[in-house]
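# Structural characterization, general
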Amino acid sequence: MTSIDASELILNEDGSIYHLNLFPEDLASTVITVGDPDRVAEVSKHFEVVEIKKGKREFITHTGWYNSQRLSVISTGIGTDNIDIVLNELDALVNIDFKTRGEKPKHTSLKIVRIGTTGAIQKELKVDSILASKYAVGLDGLLHYYQSETIQESDYQTAFTNQIPWPPTHPTPYVIAGDNDLLKIFKDVNLHLGITATNVGFYGPQSRVLRLPLKNPELINSLSTFDYKNQKITNLEMETSAIYGMSKLLGHKAISLNSVVANRANGTVSKDPKLAMKKLIVFALDKISKI
Ligand code: R1P
Ligand code: URA
């Protein structure tokens, strides 16, 4: 069995994983990820018991019980660079033996549910609605650092690059399908199914102009008019493509749920984003208890 060097799988002095600061036994097999560290307690306050509260940097974890199911909720902070850390370390916690530093003989598959916020780019998608991502379109480039061609939706990708002029300075867009089993379980009249584009920033990379002129001012228009088999890209955020891609590569199941806090197509924002998030958390926990 190959043993992974100390420089590649870094453990803290107490033997916990480097960034997440967790031991394997601290993690449940169903993991809710949230961007905002303050959102962790908003989720875990619904648990009957919280047995573990740990954290380091922006990565706060609470593990406890909800409806007789053990759940972990962890904050990822913002961005696909953080998702690279979180997904690799979550996987290491269940699939690498920290004593031998080798892969465990039996693979454990996690169920990962993102509860996040997003901006809609289609007029019809109202603020405060909730959306699950059927596909994620990654504009961020993270997946290109891994051997990931086999999990990418190449037809979708070809349609994208045929319809949208893509500057050679930007990473090639990649497309990952959401997990069908989880999408079926979460199906609901109150849930929109959409196609989520993930990018590396909130301002320029999502076509927001404050003081800096954009290199490609047409980006948001081309994203919102792009069409693949009569389905349009519905929303923009900063983590889903990496969560879908890394989960698939590592053998985990993931679904991304987002509350729409802004609609870029009609310039509206939620009047009560906290209440909308509370509703999404209750919705997600109810569905998770059916997994
Ligand atoms: C930007 O405000 C952040 O909000 C969205 C984006 O993906 C980005 O992380 O998600 P979260 O609310 O989960 O952080
Ligand atoms: N999060 C994003 O990344 N973009 C938005 O427009 C809203 C939330």
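Since the model is a prediction, treat every value here as computed from it, not as a measurement. (Residues numbered from 1 in each chain as written. Chains lettered and ligands numbered in written order. Predicted model: local features only at pLDDT ≥ 70, side-chain atom pairs only at ≥ 80, totals over all residues. Heavy atoms only, no water.)

Okay, the site of ligand 2 next. Close contacts around ligand 2 come from Thr-117, Thr-118, Gly-119, Phe-202, Gln-206, Arg-208, Leu-236, Glu-237, Met-238 and Val-261, and that covers them all. Contact between ligand 2 and Gln-206: a nitrogen atom at 2.7 Å from a side-chain N or O atom of the residue. Here an oxygen atom of ligand 2 sits 2.6 Å away from a polar atom, N or O, in the side chain of Arg-208. Of all the secondary structure elements, the ones that give two or more residues to the shell around ligand 2 are strand E7 (111-120) and strand E13 (235-237). Here the shell around ligand 2 gets three residues from one element, more than from any other, and that element is E7. Partitioned by chemical class, the residues of the shell around ligand 2 number four nonpolar, four polar and two charged. (Near = heavy atom within 4 Å. Polar contact = N/O pair within 3.5 Å; in protein donor to acceptor, adjacent residues only side chain to side chain. Helix = DSSP H or I, 4+ residues; strand = E, 2+ residues; numbered from the N terminus. Nonpolar A, V, L, I, M, F, W, Y, C, P; charged D, E, K, R; others polar.)

Three or four residues apart is the spacing at which side chains of an α-helix point the same way, because the helix has 3.6 residues per turn. Every buried residue belonging to helix H1 (residues 37-44) is among Arg-39, Val-40, Val-43 and Ser-44, and all of these are buried. Relative to the axis of H1, the buried residues are bounded by an arc of 135° and lie together on one face. Where H1 is buried, its residues contact strand E1 (30-34), strand E2 (49-56), strand E3 (59-66), strand E4 (69-75), E7 and helix H7 (273-288). Structurally, the start of H1 carries an N-cap: the backbone nitrogen of Asp-38 is 2.9 Å from a side-chain oxygen of Asp-36. (Buried < 20%, exposed > 50% of the residue type's maximum accessible area, 1.4 Å probe, protein only. Arc of directions from axis to C-beta. Contact = heavy atoms within 4.5 Å.)

Each regular strand displays side chains that alternate between the two surfaces of the sheet. Burial analysis of strand E10 (residues 191-198) places six of its eight residues in the buried class, the great majority of the element. As paired strands, strand E8 (residues 130-138) and E10 are joined by eight bridges and run parallel to one another. Paired with Ala-136 across the bridge in E10 is Thr-196. Looking at chain direction, E10 and E13 are connected through three bridges and run parallel. Among the inter-strand pairings, Thr-198 is bridged to a residue of E13, identified as Glu-237. (Pairing = 2+ DSSP bridges.)

Before going further, it helps to examine the site of ligand 1. What surrounds ligand 1 is the set Gly-35, Arg-39, Ile-78, Arg-114, Gly-116, Thr-117, Phe-202, Glu-237, Met-238 and Glu-239. Between ligand 1 and Arg-39, the relevant distance is 2.7 Å, taken from an oxygen atom to a side-chain nitrogen or oxygen of the residue. Burial of ligand 1 by the surrounding chains reaches 85%, relative to a free accessible area of 340 Å². It is E7 that provides the largest number of residues to the shell around ligand 1, a total of three residues. Considered class by class, the residues forming the shell around ligand 1 number three nonpolar, three polar and four charged. (Areas by Shrake-Rupley, 256 points an atom, 1.4 Å probe, with all protein chains shown as cover.)

With six of seven residues buried, E4 is to be regarded as a mostly interior element. Sheet analysis places E1 next to E4, joined by five bridges and oriented parallel. In the sheet register, Ile-32 faces E4, and the bridge partner there is Val-73. As judged from the six bridges shared by E3 and E4, these two strands associate in the antiparallel manner. The partner of Trp-65 across the bridge, within E4, is Arg-70.

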